Amino acid sequence: YDDVATMAIASTTRASMATKTIQDARVLPIEKNAIPRRRRVTVASHRAMQDASRQSTDVEAQVHVSRKDNASWNRRTWMNASLVAWCVGWQAWAMSSVAEESTPKQREDETATCQVKRVFVAGSTGQSGQRIVRQLQQRGIQVRAGARNVKKANQILSNAAEDGAGLEVVQADVTWDMERLRQAIGDVDAVVCATGFRPSPDINGVFKVENLGTKNLVDASKAAGVCKFVLISSLLTNAPLVGQKDNPNYKFLNYFGGVLDQKKEAEDYLRASGLNYTIVRAGGLTNDPSYSSGLFVSPEDTLFGLEQEPGREICRDLLASICIEALFQSKATNKVVE
């Protein structure tokens, strides 16, 4: 009994060391609103599990040997020793099965290593989209500009800087099905969504563009394997949940097809998608360059477009710069800024 107990303790010590290896793996709490990747056992965990299993087998084999050599060995003692060995193996397996690899720090590291060289811009012919395309070119980034009307887009975007990077205009519509939209996105590293509905006879136009369209683009971006998604949204999308449902700005803007509510639903979809995202909630958009100075950036749900607050309006040129910086800044990982 003493011999077998010593062997079981030694085996437990070795398995504890294996368990320590597992615990040293990245088993950290998952950030709120972050979607964890599929669980998978790390190489270290797998090896530790195999080692513990072999140790369990060794103990049981040595138990049988000791039993032959010691006539006083009884069945209860043998079962206890086997149980110790079995528990050692189970502990190692249980620890390895919960090893997680998707942590906030890792996601920031992934952003830092995301080499953005090609960007798809949805809504490239819009006032904000044009500026995003041009600024990307000026930074030497290859641009794939999505537009419903390719001929019109080429005319609008033809005055881009001559020394900028290459520009490819492709037909794309966010209301397309996911596979067709994925093909339009092509082989890019990141996507910037600068779409916005335009008044039309279609009473469902707001929903199709601001809600369903953005969701389609998110799904297509995931299928295309992009490493970053930047979405231009608006202040007050979350107004009802933060005590601002009576805010006159919210009431006025949301009167048009519930546009802010549609944008908020699209925001939530992106946040739950697992994509690395940045959501830029802008104030009133203007082409006036005087609104390009005195930038004020705030966390989500802190700016409401009130008279006493900064950030009521922003120049589209500055908005474009913010969206582009979000592609390269690891601190913008999975953030909403206003």
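All values derive from a computational prediction rather than experimental measurement.

## Quick look at the pattern of salt bridges
The full count for this structure, using the stated rule, is 12 salt bridges. A salt bridge links Lys263 to Glu210; the shortest N-O distance between them is 3.0 Å. Here Glu210 lies in helix α8 (residues 205-224) and Lys263 lies in helix α10 (residues 259-271), a separation of 53 residues in the sequence. You can call Lys263 buried: its relative accessible area is 14%. The shortest N-O distance in the salt bridge between Glu300 and Arg271 comes to 3.1 Å. Placement of the pair is Glu300 in the loop between β7 (284-286) and β8 (313-315) and Arg271 in helix α10, with a sequence separation of 29 residues. For Glu300, a relative accessible area of 28% translates into the label partly exposed. Look at Arg271 and you get buried, because its relative accessible area is 14%. Several salt bridges converge on common partners, so that one network encompasses Glu267, Arg281, Asp301 and Glu338.

## A few points about the pairing of strand β6 (residues 277-282)
Within β6, six of the six residues are buried, leaving the element largely enclosed by the surrounding structure. Residues Tyr277, Ile279 and Arg281 of β6 are buried on one face, and the alternating residues Thr278, Val280 and Ala282, pointing to the opposite face, are buried as well. Direction of pairing for β6 relative to strand β9 (residues 335-337): parallel, over a ladder of three bridges. Across the sheet, residue Ile279 finds its bridge partner in β9, namely Val336.

## Regarding the environment of Thr175
Within the fold, Thr175 resides in the loop between β3 (167-171) and α7 (178-185). Taking the C-alpha atoms as reference points, Thr175 and Leu217, separated by 42 residues in sequence, lie 8.6 Å from one another. Look past the residues within four positions of Thr175 in its chain and what remains in contact with it is Lys208 and Asn216. A polar contact of 2.8 Å, which involves the side chain of Thr175, links it to the side chain of Asp173.

## Brief notes about the sheet that holds β3
Taken in spatial order, the seven strands make up an open sheet running β3-β2-β1-β4-β5-β6-β9, and their pairing is parallel. Of all the strands in the sheet, the pair left with one neighbour each is β3 and β9. Pairwise comparison of adjacent strand axes, ignoring direction, gives a mean angle of 20° for this sheet. Two elements, strand β5 (residues 228-234) and β6, share six bridges in a ladder whose sense is parallel. Bridged to Leu231 within β6 is Ile279. Along the sheet, helix α5 (residues 127-138) makes contact with β1 (118-122), β2 (142-147), β3, β4 (190-193) and β5, crossing β1 at roughly 170°. Contacts between helix α11 (residues 316-328) and the sheet are confined to β1, β4, β5 and β6, with β5 contributing the most and set at about 150° to the helix.

## Side note on the confidence of the model for the protein chain
Mean pLDDT over the protein chain: 74, with 64% of residues reaching 70 or higher. In the predicted structure, residues 1-49 sits below a pLDDT of 50 and forms 72 contacts with residues beyond four places in sequence or in another chain.

## Topic: the packing of α8 against α10
Relative to each other, α8 and α10 sit at 10°, their axes nearing to 8 Å. By the criterion of interaxial angle, the relationship of α8 to α10 is roughly parallel. When α8 is examined against α10, the residues Val206, Phe207, Glu210, Asn211, Thr214, Lys215, Val218 and Asp219 are found in contact with a partner set consisting of Val259, Gln262, Lys263, Glu265, Ala266, Tyr269 and Leu270. Of the residues in the contact of α8 with α10, the class split is seven nonpolar, three polar and five charged.

Parameters at a glance
- Residues numbered from 1 in each chain as written.
- Predicted model: local features only at pLDDT ≥ 70, side-chain atom pairs only at ≥ 80, totals over all residues.
- Heavy atoms only, no water.
- Salt bridge = Lys/Arg side-chain N within 4 Å of Asp/Glu carboxyl O.
- Helix = DSSP H or I, 4+ residues; strand = E, 2+ residues; numbered from the N terminus.
- Buried < 20%, exposed > 50% of the residue type's maximum accessible area, 1.4 Å probe, protein only.
- Pairing = 2+ DSSP bridges.
- Contact = heavy atoms within 4.5 Å.
- Polar contact = N/O pair within 3.5 Å; in protein donor to acceptor, adjacent residues only side chain to side chain.
- Axes fitted to C-alpha atoms, helices over the stretch in contact; angles between N-to-C directions.
- pLDDT = per-residue confidence, 0-100.
- Parallel < 35°, antiparallel > 145°, perpendicular 65-115°, else oblique.
- Nonpolar A, V, L, I, M, F, W, Y, C, P; charged D, E, K, R; others polar.

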